[in-house]
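# Observations on the three-dimensional arrangement
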Amino acid sequence: MLYPNSNYFYFIFCILLILVSISSCQTQTANNKVQKSEQNSITKSEFGKMPDGTSVYLYTLRNTQNMEVRISDYGGIITHWIAPDNKGRYEDIVLGYDSLDGYLKATPYFGAIVGRYGNRISKGKFILDGQTYHLATNNGENHLHGGLRGFDKVLWTATTVDSEIPTLKLSYLSKDGEEGYPGNLQVEVIYSLQEDNSLKIDYQATTDKTTIVNLTNHTYFNLSGDVKGDILNHEITLNADYFLPVDSTLIPTGELKSVKGSAFDFLQNKPIGKGINDTENEQIRYGKGYDHSWVLNPSKEKSAMNFVATVLEPISGRVLEVFTMEPATQFYTGNFLDGTIIGKKGIAYKKRYGFCLETQHYPDSPNQKNFPSTVLKPNEVYKTSTIYKLSVKQ
Ligand code: GLA
């Protein structure tokens, strides 16, 4: 009789080992570890209903790295972004609500597309082609984020795009006179979840009358995962030699001020919390922390996306990199969050529990001759893109 030799047993052992590891790779473990899936996908589910009964949907974009981003056709809101940490744990890195009702009741623009004019316009007034326009003053005496019912509070028409990568196209027609702005503005925002774990946002708009446009996304990030605390330990590098000082109502004074040596200097990475309470600094007092526009250093290659910022959360190792075609970014550190909002998973969002990097043109540009123009004419196409890219530092 023939007996198998030790090589034979070794061979069987190896096969068993391979089988066991393959099967464990396909499961999701208790501590949220998910292994790579074979396919990317985009799926649609009902998120809730508008007060008039219209259904609102949630689109889940997933890439083959198992990164997941959920986006609603209400406000184009990024409600969830599930990303791995340095231990392979998948957790949510954006602030928001569990259900549509939260967003319908009150939201500080969590995850939303902001427009027609993101940021502030002094006293809600501007002159275009000799005509004075009056907008809602919904932020003290100023106009903020498109008005009472900006692009964050409207239902967009969503279509999934037939593409190699999960892509969602949102369209909205902002009618002539809506929120006081001139011209019918046809807007398109395309979200695509790339294989390199970046979410690309492409904005496009056309108008039939000269108008002003400044679109952005207002996602609040907290890279700790499932919001474990404030964002003061996050380390940020911001590609800006200058920022825009503001008055006490957060309208830019018109000056471009060097960041050098001040609490606004993030040219070398440093924790967000380092200078945020430097109340000797008038600008920090006005913003109650950071709530300012940083003027991005121009990119060397003209056509390329410009580097905005890198943010690292040292415990999870999660890294966010931002790139844009816009000339500036509002860096807002959630100074107005005060714990009254109960967000996803019942977590109270306290002061500085999230940060936003809202890529955009300068605030109040329609009233400031020296700022890059935000005027869009009927024969022009407004086109801009921003990328938020996630990775992990081991
Ligand atoms: C922006 C503003 C902040 C604040 C938030 C929303 O980023 O600059 O002042 O209004 O939106 O709370």
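See above for the structure.
An account of the accompanying structure is given in this report. (Residues numbered from 1 in each chain as written. Predicted model: local features only at pLDDT ≥ 70, side-chain atom pairs only at ≥ 80, totals over all residues. Heavy atoms only, no water.)

For the peptide bond that leads from Gly115 to Arg116, omega is 5°, which places it in the cis range. By secondary structure assignment, the location of Arg116 is in the loop between strand 6 (113-114) and strand 7 (120-121). For Asp364, which is not glycine, the phi torsion reads 60° and is therefore positive. If you trace the backbone, Asp364 turns up in the loop between strand 25 (356-360) and strand 26 (375-376). (Helix = DSSP H or I, 4+ residues; strand = E, 2+ residues; numbered from the N terminus.)

Taken together, 13 residues sit near the ligand, with Arg120, His145, His218, Asp291 and Glu358 positioned nearest. Between the ligand and the protein, one listed contact pairs an oxygen atom with a side-chain N or O atom of Asp291 at 2.3 Å. Across the complex, the protein chains shield 94% of the 300 Å² of accessible surface that the ligand would expose by itself. The class makeup of the residues in the shell around the ligand is 7 nonpolar, 3 polar and 3 charged. (Near = heavy atom within 4 Å. Polar contact = N/O pair within 3.5 Å; in protein donor to acceptor, adjacent residues only side chain to side chain. Areas by Shrake-Rupley, 256 points an atom, 1.4 Å probe, with all protein chains shown as cover. Nonpolar A, V, L, I, M, F, W, Y, C, P; charged D, E, K, R; others polar.)

Moving on, we get to the environment of Leu238. Relative to the assigned elements, Leu238 resides in strand 17 (residues 235-238). In the structure, Leu238 is positioned 84 residues away from Val322 in sequence and 9.6 Å away in space, judged by C-alpha atoms. With residues near it in sequence (within four places) discarded, Leu238 still touches Phe266, Leu267, Trp294, Val308, Ala309, Thr329, Phe331 and Leu357. (Contact = heavy atoms within 4.5 Å.)

Next up on the list: the nonpolar core. Core analysis: the largest hydrophobic core is formed by 57 residues, its most contacted members being Trp81, Tyr290, Trp294, Phe331 and Phe355. Of the residues forming this core, the biggest block, 5 residues, is contributed by strand 13 (residues 185-193). Sequence-distant contacts of Phe331, defined by excluding residues within four places in its chain, comprise Ile236, Leu238, Phe266, Ile272, Tyr290, Asp291, His292, Trp294, Phe355, Cys356 and Leu357. The next biggest cluster of nonpolar side chains, apart from the first, holds 20 residues, and it includes Tyr74, Leu100, Tyr103 and Cys356. (Core = buried A, V, L, I, M, F, W, Y, C linked by side-chain atoms within 4.5 Å. Buried < 20%, exposed > 50% of the residue type's maximum accessible area, 1.4 Å probe, protein only.)

If you walk across this open sheet you meet the 9 strands as 11-12-13-14-27-23-22-17-20, and the pairing is antiparallel. For this open sheet the edge positions go to strand 11 (157-160) and strand 20 (270-271), each flanked by a neighbour on one side alone. As paired elements, strand 11 and strand 12 (residues 167-174) share 4 bridges and run antiparallel to each other. Bridging from a neighbouring strand, Thr157 pairs with Ser171 of strand 12. (Pairing = 2+ DSSP bridges.)

A few words now on the pairing of strand 17. Summarising the sheet, strand 17 and strand 20 pair through 2 bridges and their orientation is antiparallel. Paired with Ile236 across the bridge in strand 20 is Lys270. Where strand 17 and strand 22 (residues 306-312) come together, 4 bridges link them in antiparallel fashion. From the neighbouring strand, Glu235 faces strand 22, where its bridge partner is Leu312.

Right, let's talk about the pairing of strand 21 (residues 291-295) for a bit. Burial of strand 21 is extensive: 5 of the 5 residues sit out of reach of the surface. Alternating residues of strand 21 divide into Asp291, Ser293 and Val295 and His292 and Trp294, and every residue in both groups is buried. Both strand 18 (residues 242-244) and strand 21 contribute to a ladder of 3 bridges, which runs antiparallel. Each bridged residue has a counterpart across the sheet, and for Tyr242 the counterpart in strand 21 is Val295. Across 5 bridges, strand 21 lies against strand 24 (residues 328-332) in antiparallel orientation. For Trp294, the partnering residue across the bridge sits in strand 24 and is Thr329.

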